[in-house]
Amino acid sequence: MDTLVSVNNLHKHFGAIKAVDDVSFRVNQGEVLGFLGPNGAGKTTTMRIITGFMAPDAGSVTLGGDDIVDAPVAAKRRVGYLPEGAPLYSDMTPAGFLDFVAGIRNLRGKEKNRRITDTIEKTNIQSVLGQPIETLSKGFKRRVGLAQAILHDPEILILDEPTDGLDPNQKHEVRTLIRGMATEKAIILSTHILEEVDSVCSRAIVISAGRLVGDGTPTELRARSRWHNAVTLSVRVDNGKEVQATLSNLPGVQSADLVSQKDGLARLVLYSTHGQSISTTVNQVVRERNWAVDELYVEQGRLDDVFRAMTSKLL
Amino acid sequence: MNNILSIFKREFMGYFTTPIAYVFIVIFVFLNGIFAFYLGDFFNRGQADMAAFFAFHPWLYLFLIPALAMRLWAEERREATIELLFTLPITMGQAVLGKFLAAWAFTGIALVLTFPMWGTVNYLGDPDNGVILAGYIGSLLMAGAFLAIGSCISALTRNQVIAFIISAVVGLAFVLSGFPLVLDFFSGWAPEILVQAIGSFSFLSHFDAISKGVIDLRDMVYFTSLIAFWLFANVVIIEFKKAE
């Protein structure tokens, strides 16, 4: 697959603050890259540099072969961008606004009409086309912003928190829309909603205090969690401490926590050493001892856990 | 060219989707009438010309044009739409020019709507319509200069009130630079050539010449180069400050 976005050793300072500190990554066609990080980590600044709104202090960005600093207009033609907060010309109507963007995007005649109709349908904004944008709800504003970004069917799509402030149904719609476009485009979307990474992203990078601290598929990232391959177990015994003592000595088990003990039911979590699989061993012991098991399941690992671990150690 | 046109269209239509257009045009035409008839003593002068009408334009523009220009960039900043605008495939120059031309065309329309004045003069007497046309051209050029100043200063701030006040003050300096008030300040110590240079920057002297029907190339060049200079400064400021 073609590399459409190539970000090389990006640096950006604001006064003494390093907003972006040596960030490099690539995005190929067909990839949806989740851009994670706490607020203020440098996500928006990085996106502003990639889209040519800000100039980097050092480093370069190439979009489909065009350098954003040397050939800004050619590079920007390839990109659809939803800026943070989806700013829009509030005195225009969505119809007028899309017409304006289509003009700048060099769409003419039949092609223009086709693209506008298609985009309106995809983003579901038919019902508000004639209303001033300032009177629209947050969800509609976000969708108009999204419509503006996908209007010219760009090969690269950059979305800064596309589902921020939407209700669960709208979030679902936007994610479905993004997934539908994923195969032919390179998409970067920033978010701090981790479920979003699971539902739409094929890869995620994590940024903290301007530095890149993680890069991998959601599964790979999850494997870095201390919850990866941990086993949650509920056993019908009165003395959970005994179970805990037995299990914590098993090979591969790093520690066993007794989470709760009431009404003759002990609930434990067994963390594995270096994420190795311990479920078979645990299962075996349970059968040998004839414990009555209410539940036993293996954790995949938790993204929020990985996220916290990656982004807090630098603070 | 297409991009300039797109931006021009958006800006220009923008005046008419808000009350700005109507308020501006009504006030402009109304004040022109008041100034010409009462302050300018239009009837008692007994002359079939529009000198009394044009004489007040510099003062009218002084506060009306900054009001028109203050939103050009300050609003883009405040609404954060500047990020949208400059991640579209356009250049700074195209954006600055498109916006400026839209505002200028709008002032042109306001100016054209003062035609009843011209009709009155033609009804009452037999004026030299060439001189009147020259007056309109001069007035439009001067409006362009005020607008370019206003547009540039609007790019410096996200606060429209500040943009308005500073544009009006800079405009005032350009209007007054031919007056003794300003010149006396310099004539005591500055070399003669500097005093003359400052005096030659006056909107009034250049505008007076054109509105008397003398379309001198130097006056035209003066206004157009002033517009070009301020728009260039505008591009530079946007380039450096767009993301702030």
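Model, not experiment: these values are computed from the prediction. (Residues numbered from 1 in each chain as written. Chains lettered and ligands numbered in written order. Predicted model: local features only at pLDDT ≥ 70, side-chain atom pairs only at ≥ 80, totals over all residues. Heavy atoms only, no water.)

### Quick notes on the environment of B:Asp41
Residues and elements named next belong to chain B. Relative to the helices and strands, aspartate 41 is located in the loop between helix H2 (20-39) and helix H3 (51-54). On the basis of relative accessible area, aspartate 41 is assigned to the partly exposed category, the value being 36%. For the pair aspartate 41 and phenylalanine 53, spaced twelve residues apart in sequence, the C-alpha separation works out to 9.7 Å. (Helix = DSSP H or I, 4+ residues; strand = E, 2+ residues; numbered from the N terminus. Buried < 20%, exposed > 50% of the residue type's maximum accessible area, 1.4 Å probe, protein only.)

### Side note on the pairing of strand E13 (residues 265-272) of chain A
Residues and elements named next belong to chain A. Here E13 lies mainly inside the structure; six of its eight residues are buried. Pairing between strand E11 (residues 231-235) and E13: five bridges, direction antiparallel. The residue bridging leucine 233 from the neighbouring strand is leucine 268, located in E13. Pairing of strand E12 (residues 253-262) with E13 involves eight bridges; the strand directions are antiparallel. In the sheet register, glutamine 261 faces E13, and the bridge partner there is alanine 266. (Pairing = 2+ DSSP bridges.)

### Some details on the nonpolar core
Grouped together as the largest cluster of nonpolar side chains are 91 residues, with contacts concentrated most on A:Phe97, A:Phe100, B:Trp73, B:Leu85, B:Phe86, B:Phe203 and B:Phe223. Setting aside residues up to four positions removed in sequence, B:Phe223 forms contacts with B:Leu141, B:Met142, B:Ala145, B:Phe203, B:His206, B:Phe207 and B:Ile210. (Core = buried A, V, L, I, M, F, W, Y, C linked by side-chain atoms within 4.5 Å. Contact = heavy atoms within 4.5 Å.)

### Examining the packing of aromatic side chains
Residues and elements named next belong to chain B. The full count for this structure, using the stated rule, is 27 aromatic pairs over all chains. Look at phenylalanine 203 and tyrosine 222: their rings are 6.4 Å apart centre to centre, the planes differ by 80°, and that puts the pair in the edge-to-face class. A residue pair is termed long-range when its members are at least 10 positions apart, and phenylalanine 203 in helix H13 (residues 203-211) and tyrosine 222 in helix H14 (residues 217-241) qualify at 19 residues. With a relative accessible area of 0%, phenylalanine 203 lands in the buried category. (Phe/Tyr/Trp six-rings, centres within 6.5 Å; stacked < 30°, edge-to-face > 60°.)

### Focus on the domain arrangement of chain A
The assigned domain composition of chain A is domain 1 (3-222) and domain 2 (231-299). A straight line from the C-alpha centre of domain 1 of chain A to that of domain 2 of chain A covers 45 Å. (Domains from an automatic or database assignment.)

### A word on the packing of helix H3 (residues 94-104) of chain A against helix H5 (residues 138-150) of chain A
All names here are of chain A. Between H3 and H5, the shortest axis-to-axis distance is 10 Å and the interhelical angle comes to 20°. As far as their axial angle goes, H5 and H3 are roughly parallel. Crossing of H3 over H5 shows right-handed handedness. Mapping the contact onto sequence places Pro94, Phe97, Leu98 and Val101 in H3 and Val144, Ala147 and Gln148 in H5. Considering only residue class, the contact of H3 with H5 consists of six nonpolar, one polar and no charged. (Axes fitted to C-alpha atoms, helices over the stretch in contact; angles between N-to-C directions. Parallel < 35°, antiparallel > 145°, perpendicular 65-115°, else oblique. Left-handed = near helix turned anticlockwise from the far one by under 90°. Nonpolar A, V, L, I, M, F, W, Y, C, P; charged D, E, K, R; others polar.)

### A closer look at the pairing of strand E8 (residues 186-191) of chain A
For a regular strand, side-chain orientation follows a simple rule: the groups alternate between the two sheet faces. Residues and elements named next belong to chain A. Counting buried positions along E8 gives six out of six residues, so the element sits mostly inside the fold. Taking every second residue as pointing to the same face, both faces of E8 are buried, with Ala186, Ile188 and Ser190 on one and Ile187, Leu189 and Thr191 on the other. When strand E3 (residues 32-36) meets E8, the two strands line up parallel, connected through five bridges. The residue bridging leucine 33 from the neighbouring strand is isoleucine 188, located in E8. Since strand E7 (residues 156-160) and E8 lie parallel, the crossover through helix H6 (residues 168-181) that links them has a hand, and here it is right-handed. (Right-handed = clockwise from strand over helix to strand, strands pointing away.)

### Quick look at the interface of chain B and chain A
By convention, interface size is frequently given as the accessible area that disappears when the constituent parts associate. Contacts between chain B and chain A engage 25 residues on the former and 25 residues on the latter. When the buried surface of chain B facing chain A is broken down by residue, B:Arg10, B:Glu83 and B:Pro89 rank first, second and third, together holding 30% of it. Inspection of the chain B/chain A interface yields one salt bridge. One salt bridge connects A:Arg48 with B:Glu83, and the closest N-O pair in it is separated by 3.0 Å. Counting across the interface, chain B meets chain A through four residue pairs in polar contact (both at pLDDT 80 or more). Elements supplying a minimum of two residues to the side of chain B that touches chain A: helix H1 (2-17), helix H5 (71-79) and helix H6 (81-85) of chain B. Per element, the largest residue contribution to the side of chain B that touches chain A is seven residues, and it comes from H1(B). (Buried area = accessible area lost by both parts, 1.4 Å probe. Salt bridge = Lys/Arg side-chain N within 4 Å of Asp/Glu carboxyl O. Polar contact = N/O pair within 3.5 Å; in protein donor to acceptor, adjacent residues only side chain to side chain.)

### Topic: the layout of surface pockets
The calculated volume of the largest pocket comes to roughly 490 Å³. Taken together, 22 residues line the largest pocket, and the ones lying closest to its centre are A:Phe53, A:Met54, A:Ala55, B:Glu239 and B:Lys242. Of the residues that constitute the lining of the largest pocket, the class distribution is 14 nonpolar, two polar and six charged. Within this model, the second largest pocket holds a volume of roughly 360 Å³. A:Gly96, A:Asp99, A:Phe100, B:Lys9 and B:Arg10 are the residues nearest the centre of the second largest pocket, which is lined by 17 residues in total. Secondary-structure elements contributing two or more residues to the lining of the second largest pocket are H3 of chain A together with H1 of chain B. Broken down by element, the residue count for the lining of the second largest pocket peaks at eight residues, all from H1(B). Here the residues of the lining of the second largest pocket are counted per class, giving four nonpolar, seven polar and six charged. (1 Å grid on protein atoms, 1.4 Å probe; cavity = no way out; pocket = protein on both sides within 12 Å on 5 of 7 lines; lining within 4 Å. Points joined across faces, edges and corners; volume = space filled by probe spheres on them.)

### So, the confidence of the model for chain A
Residues of chain A with pLDDT of at least 70 account for 99%, and the chain-wide mean is 89. The secondary structure element of chain A with the lowest average pLDDT is helix H11 (residues 303-312) of chain A, at 79, and the one with the highest is strand E6 (residues 79-82) of chain A, at 96. (pLDDT = per-residue confidence, 0-100.)

### A few points about the side chain of A:Asn229
Residue and element names in this part refer to chain A. When you line up the elements, asparagine 229 lands in the loop between helix H8 (218-222) and E11. With a relative accessible area of 18%, asparagine 229 lands in the buried category. When residues no more than four places from it in sequence are discounted, the contact partners of asparagine 229 are Ser272, Gly275, Gln276, Ser277, Ile278, Val298 and Glu299.

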